[in-house]
Every structure is written in C-alpha cells, then in structure tokens.
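Descriptive analysis of the structure
Okay, here's what each chain looks like letter by letter:
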Amino acid sequence: MRSCVLAAEADLAGFRAAARVLLRDGIAPSEVGWSVRDAAVAPLAFGDADAALGQAGAGPDAQADRDPDAGPDAAARRVPADFVALCRDVVLHRDPQRFARLYRLLWRLCHEPSLRHDALDAEMALARRMAQAVRRDIHKMRAFVRFRPVDEPGHDTPLHVAWFEPQHHILETNAPFFERRFAGMRWAILTPERSVRWDGRALQFGPGGVRADAPAADAGEAMWLTYYRSIFNPARLKLRAMENEMPRRYWRNLPEAALIAPLAAEANARRAAMIEAPATVPRRRIVPLAPAPRSIAADAALPVEVRGAAWAAERDRASHCRECPIGEHATQTVWGEGPIGARVMLVGEQPGDREDLEGRPFVGPAGQLLARAIQRLGWERRALYLTNAVKHFKYEPRGRRRMHKTAAQREADACAHWLEREIALVAPGVIVALGATAARQLLGHALPVQKARGQWFTRADGRRVLVTLHPSALLRGDPAALGPSFDAWVDDLSRAGSVSARDLDSDPTAGTPR
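A brief structural summary. All figures in this text were calculated on a predicted structure; none of them were measured in a lab.

1. Describing the sheet that holds strand S7 (residues 203-207)
The strand order S3-S4-S5-S6-S7 describes an open sheet built from five strands, whose pairing is mixed. Two strands close off the open sheet at either side, each with one partner strand: strand S3 (148-150) and S7. Strand-to-strand twist across the sheet, computed as the mean angle between neighbouring axes with direction ignored, equals 25 degrees. Here four bridges tie strand S5 (residues 186-190) to strand S6 (residues 194-198), and the two strands are oriented antiparallel to one another. Residue Trp 187 lies in a different strand from S6, and its bridge partner there is Trp 198. In the packing of helix H5 (residues 171-181) onto the sheet, the strands contacted are S5, S6 and S7, and the crossing angle to S6 comes to about 20 degrees.

2. Here's the deal with unusual backbone geometry
Glycine aside, a negative phi is what most residues show, and trans is what most peptide bonds show. Its identity is not glycine, yet Phe 362 carries a phi of approximately 55 degrees, on the positive side. Looking at where Phe 362 falls in the secondary structure, it is placed in the loop between helix H11 (353-358) and helix H12 (365-377). Residue Phe 362 is classed as buried on the basis of its relative accessible area of 4%. Within the chain, Ala 427 stands out as a residue other than glycine whose phi angle is a positive 50 degrees. Since its relative accessible area comes to 16%, Ala 427 is described here as buried.

3. A closer look at the pairing of S6
Here S6 lies mainly inside the structure; four of its five residues are buried. Two successive antiparallel strands, S5 and S6, enclose a turn made up of three residues. Counting the residues between successive antiparallel strands, the hairpin from S6 to S7 contains four residues, one of them, Gly 200, with a positive phi of roughly 100 degrees.

The rules behind each value
Residues numbered from 1 in each chain as written. Predicted model: local features only at pLDDT ≥ 70, side-chain atom pairs only at ≥ 80, totals over all residues. Heavy atoms only, no water. Pairing = 2+ DSSP bridges. Helix = DSSP H or I, 4+ residues; strand = E, 2+ residues; numbered from the N terminus. Axes fitted to C-alpha atoms, helices over the stretch in contact; angles between N-to-C directions. Contact = heavy atoms within 4.5 Å. Buried < 20%, exposed > 50% of the residue type's maximum accessible area, 1.4 Å probe, protein only.

Written out as structure tokens, the structure reads:
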C-alpha cells in the first residue's frame, strides 16, 4: 500500500505531484491511501494546476520530465483539460475520500480513453456534483458574509471582521475575491477551520476560530435591519424560493434572518391591507392645464378673427403640455402652421429632429420631399395648414445623433385633443392623413395605409380624410425606386387638390366614404 500525505485540505499542487508519481510507477487506485496533515499548519501556495495535470513530461519543473523511466507510455497519461478544472473544485469538497475518487478517475482516464466521452459514468457524475456543490458554497460565501467593525489599538481605521461557516474548504480559494472587492479596507474572515486577514498589502492565513471570536452587532447593523424591514414586500413573499437561494443553514449568521419569521407571519395581513387600500393618486411634475373655456369653442360659422385668437391661445397652452413623457425631453412643442380656414390640412405623424429645433412642422428631409410634391401640384404652401398628430419629437440618443422613435399609442392619444382643437379652429375643407399614426388619430381606428392609400374616409364629425403615405416612408425605401414611388404619392395628394369643401357637399364622385 502506497501512502500519500498532503500538506493541507486544499493541497491541489500536492495532489498533482503525487498523482504524477503514482501514474509513472503504475500504482493502481486500490493500492493508494490518501490523508491530510493537521490543518493548523501554515498553508502552502494554493496550487497552480495547469493543463499538464497527470502528464508525465508536461512542465520543466516536474520530476517526471527528467525521469528516464517515463518511457513511451507518457502520451497515454494525458487527460482532458476539463478534468483539470474539475479537480480544482473537487479538492475543495469536504468529502474525506475526494482525493481517492479523483485519483481513481485519473487512473481510468489514462487507461480507459472512452471514459471522457461517457456522459453517464457514475463516478464522473458524482465528481461533477461535488464540484457543483463547491461552486455553490463559494457563491454563498460571497453573498452572505457580513462584516462588523472592530477598533484596534494603533490603527486609525477599524478592522472589519466576519464570521462564516462554509460547508467545504473554500476559504483560501475565495480570499482573493474579497481582496479585490474590499481592497481599501482592513478585514478578516473567521471560519471554524481557517481564517484569513487582509492588511491592505497581503493576505495572511491562520488557524480557525469560534463564533464568539467575531464581534457583536453594532449601530450600523441596526440601520441595515431597519432598511431590510422597510423594503419587505409581502405580495412578493415566496418562502420556498427564498430558502432555495438562502438556505436555512446560513441564517444563524445573517442578522436579517431574525426578521424573516415575524415578517412572513404578518405577510397575509399586510397583503390584504394592500389590496383593500384605495388607489394612490399619481403625482405629476407639472400641474395639468385647466380646460379651455367654453367661450372659445371653435365653430366654422364663427368669424375668422375669433377662431384665429382661439387658435393662438391653444398654441400657447400646448407649449406647456406635459401630458406624456415626450414633452419632457423635447426642445419645444411643434404646433401647426397655416391659415385659418385653409382648404387642405395635411396631418403628419410627429415632428423630426429639425422640426423640434426650429419649432415648425415639415422643415426636415421629409418636409423637403413634401415641398417638392407641393411644387409639382402647383399648390401654395402658405395656403395649406400643416400639422402633426403628435406635437413633440420622440427620439433615442445614438452618440451625438437623435434618432426618430415612433410614439406609443398612449402618447399619441395624449395629443389627440390638441389635434381636434386645430381641426375645429381651422375648419379645413379636406384633411390628408400622412401615415398610419395620423390616420389612426383622425379616424379613430387603425387601418393598413398601403392598402388604403389614395382612398377617402369619413370622420365621425363628417369631415373627409384622404389617406396616403408619410413622406419619410418614401425616404426609407429603396433609393432606386424613389422616382416611381414619389410619382405615385403625388398622384395620391392630387386627389385632395381637386376637392374643395363645396365639392365634398355636392360632388358624389369625390370619393366613396367609409
């Protein structure tokens, strides 16, 4: 029987060296006994298990590299790289037979090459479960360590001390994580087997301790418990899920764990109180505008001067609108422009970047395309009323640019009353809906613009609406097809130019209403 004594519970480097020698000498797993010296001895450097674990002839410092008896069988002792990672975790497990299990797997990998492809092997599956348990314990230690400050003579800053009871031998491998996380403070972690201390320069390992060695609760902990109690939400309480993430074995060292039982007991009553409580009134950053006085209600029969004064008042009111989030980030409200009583009103979707900066509708790239169409049709822009269904520019920043983003339906609905006021005050003969958003807001329901383009529809108030594409849709299309698409779009618009308010009342050929 060959006896192998390792220097510490997590002596991966010692196991690697011993396994190389055992493989070289052909010692079977049944002929090896593994043991560990007293854990109180000073730790070795925590093992660098490189990809050469179990390889005779891997690394210039290995004795087997210089052993003339290594022979041609050295290649047969190569093991998969993932077994090296498995060893790093399994040697930290508390199972006293872990080294024997690993050496048996190593022996089998060298003598049974098919093992590395056997996903159902019982011994390999057990080793993977052990590795998973170690990784979980490492994660839980990082999540559940609680430091408490202790004043030390001769130091200006306190020493933060924590007590933790790991399931496995993970202190040494976890210490560098705490070194990086708390590099700016002095700290120490005590466990029943080992302890580690960081003085700001180096990690120092020592013997373990007892729970009484850790400091008692302080004022900071009382503040933490107050915060923990205040954020408890009884409607989201799931004890089984909580215990899965925070097993009960860790509770005795967590100060907040003492609150779990009473808070859970009160959860049903608090949940019922939350359900029965009246709805909270939302707080608005800006007080809503008062409703417009009835005296300025628009009507086509009112004189143009009266409607013009009401229109100016509505424009000023809209400049303060914050009924949806878009207005909070836009430069300004983009109100419509054009004469009161215009024969044709064109309604787009929302302002773009240029419109937002200048405060005028249809002055950006889409507006330039519209200007070309107006010129071809022989219309006068100053005789048209141009506006948008949404009055603010919605965008998302990309570097230094502000990219257009389609307004949500609730945001468009927040602007609906402004558009209706414009229609009532301007009293156009016909309305042209440019795009899907405009068509929906004008008609009250969605419709496929590609199929409906060039057709007339009737609003609930009796006004006629011609539906067509928004000019930006042409700009987003294939550049090679812009010419034909533009011609077809101008043909759509031309239908509005041949229809006046008098024609709509008397000419049955102006279009079939829906």
